[in-house]
Amino acid sequence: GCLFISCTQHSSEGMIVMTQIDKDQETIAFGSTDNLSFFKGAKIMMMDPSNPERKALLLSEDFYAACSPDISFDAKKMIFTGQRNEHDIWQIYEMDLTSLQYKTVTNSQENSTDPAYLPNGKIVYSKEISLANGEIGKALFVRAIDGKQEDQITFNPGYYAGTSMLHDGRIISLNKASAAASEKPKLMVMRPDGTKEMLFYKSEGDAQLIGKGRETENGDIYLLEKNKQGLGKLYTISYNNPLKSRKRISDNLTGDFIGMSPLSNGRLLVCYRKSEEAPYGLFELDPKDMKLVNDVFYDSRYTTIEAVAVERQQVPKKIPSEVNMEEQTGLLLCQDINFIGFHQDTMQTNGAKAVKIEILGIEASMGTVDVEKDGSVYLKIKADTPFQLQTLNEDGDIMNGPSSWITLRPNERRACVGCHQGNEVVPENKQPLSVLKEPIQIPREPKLLAGRE
């Protein structure tokens, strides 16, 4: 392609960086880099949207495959996932978008993918890990661009991929509990040190999340989901109530979306095709009236699956970390294990109450403890150790649970109001009886453990 960045090292601001694959490559199951075979031979290109007749520039010339570009907040650099040779381990690289020189960020023995810039001069990315059941999962890691130390921040089993940032300084990441094809990914949100991880959004019905969740400059959050026909559709959710504000906004466009990212002008850069026979091209979409207002790039030989503008972005808030690696535990307070919400469809109907809570590890129970008369319980749990909770009645029968996986980081303090759905319901504000005592240590003594079947 023509080299439109000359040796005088002009800024690349205003350009568009995109990932392309061969037009005949399978994309029906495309979602994120949880399956790297989708990115075989992928290449990262840069084009000038003000001069679409000019050929795009190949940025990943030194790579067999490259994908997942993310632009720094000052629009001067780009991090991406690359594979130098066909059978190499995937690593993270950073490129200066003025000189187009790049450097290696990771040098791992496991595939590292899905990088994103953090506001504290670090990056977050996914890396393959071995799970307790022998499967391969992916966890999130954080490291300084020029540093050698990497810190793992997620420990729950499963896959984390497709990571991006919210303006409030938190990370949102696609997560699914296993590699099983039937497992639907959901969006988890957490602080950059891995604390306060919780569910942010999950798909409804036959829909399935693909790609990254993206927050625009004005605070709108956009998602892409495939329907049961395998077509990508555009949705929006509210920041304040993401679990109950899902709205599909692409009904008047009958085609198929596979990639999306916001532009500073309020529009969206979308990878879209009008029919299943056509490759995905790059378009500018006005979300107010859902019209394709500009054909940005199209090449009949290739499919464009990702694109991001080289633009200055709002720097997210910098959240201070409470993690102290010298500590070996975290604290969890539950205000009332019998509180499951005020709505009729979430109320206990038989009047029975749970009086115990069991903490379930990956391979065995970590202990069962009695709760206080008000249903509260205060636990000190081994840090960076995934667990689930389930509540029991006097006979040991399960009342609620198991919960989703939870992990406390070293020195993390978390509180929950009960076993409810959503975080918009709260019980009466009062001091739990359990905080008047020392927290109960978990795991308990081995003689108190009950094995899991």
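As a convention, each chain's residues are numbered from 1 in the sequence order in which they are written. Local features in a predicted model are, by the rule used here, given only for residues with pLDDT of at least 70; side-chain atom pairs are given and counted only at 80 or more, and totals for whole chains, interfaces and linings are based on all residues. With hydrogens and water stripped out, all remaining heavy atoms of the structure feed into the side-chain values.

Before going further, it helps to spend a moment on the side chain of Asn175. Structurally, Asn175 can be placed in strand β13 (residues 171-176). Contacts described as polar in this section are N or O atom pairs within 3.5 Å, which, within protein, must combine one atom able to donate a hydrogen with one able to accept it, while residues neighboring in sequence count only if both atoms come from side chains. Separated by 3.0 Å, the side chain of Asn175 and the backbone oxygen of Tyr159 make a polar contact. Not counting the four nearest positions on each side in its chain, Asn175 is found in contact with Tyr159, Tyr160, Lys184, Pro185, Lys186 and Met188. The numbering of helices and of strands both runs from the N terminus, where a helix is a DSSP run of H or I of at least 4 residues and a strand a run of E of at least 2. In this description, contact between two residues means that some pair of their heavy atoms is separated by no more than 4.5 Å.

The next thing to look at is the side chain of Ser376. Assignment of secondary structure puts Ser376 in the loop between β27 (365-370) and β28 (377-382). A distance of 3.5 Å separates a polar atom in the side chain of Ser376 from the backbone nitrogen of Leu433. Apart from residues lying up to four places away in sequence, Ser376 is in contact with Cys334, Gln335, Asp336, Val371, Pro432, Leu433 and Ser434.

In this section: the sheet that holds strand β22 (residues 281-286). Here, any two strands with at least 2 DSSP bridges between them count as paired. Here 4 strands make up an open sheet; going across it, the order is β20-β21-β22-β23 and the pairing antiparallel. Only two strands of the sheet have a single neighbouring strand rather than two, namely β20 (256-262) and β23 (291-297). Taken over all neighbouring pairs, the strand axes of this sheet differ in orientation by 30° on average, direction set aside. Two strands pair when backbone bridges link them, and β22 and β23 are joined in this way by 5 bridges, in the antiparallel orientation. Each bridged residue has a counterpart across the sheet, and for Leu282 the counterpart in β23 is Phe297. Where helices are involved, their axes are fitted lines through C-alpha atoms of the stretch in contact, as for all axes, and angles between N-to-C directions lie from 0 to 180°.

Exposure is judged per residue with a 1.4 Å probe applied to protein chains only, and the accessible area is read against the type maximum: over 50% gives exposed, under 20% gives buried, and values in between give partly exposed. Burial of β20 is extensive: 6 of the 7 residues sit out of reach of the surface. One ladder, built from 6 bridges, connects β20 with strand β21 (residues 268-273); its direction is antiparallel. Each bridged residue has a counterpart across the sheet, and for Gly259 the counterpart in β21 is Cys271. Linking two consecutive strands that pair antiparallel, namely β20 and β21, is a turn of 5 residues; a positive phi of about 90° is found at Gly266 within it.

Under the pairing criterion, centres of Phe, Tyr and Trp rings, with the six-membered ring standing for Trp, must be within 6.5 Å; the plane angle then separates stacked pairs below 30 degrees from edge-to-face pairs above 60, leaving the rest tilted. One pass over the structure, following the stated rule, counts 8 aromatic pairs. Between Phe63 and Tyr102 the ring centres are 5.1 Å apart and the planes differ by 55°, which places this aromatic pair in the tilted class. With Phe63 in the loop between β3 (57-58) and β4 (65-71) and Tyr102 in strand β7 (residues 102-104), the pair connects residues that are 39 residues apart, well separated along the chain. Given a relative accessible area of 26%, Tyr102 falls into the partly exposed group. Between the aromatic rings of Phe257 and Tyr272, the centroid separation amounts to 4.8 Å while the plane-to-plane angle is 50°, which identifies the pairing as tilted. With Phe257 in strand β20 and Tyr272 in strand β21, the pair connects residues that are 15 residues apart, well separated along the chain.

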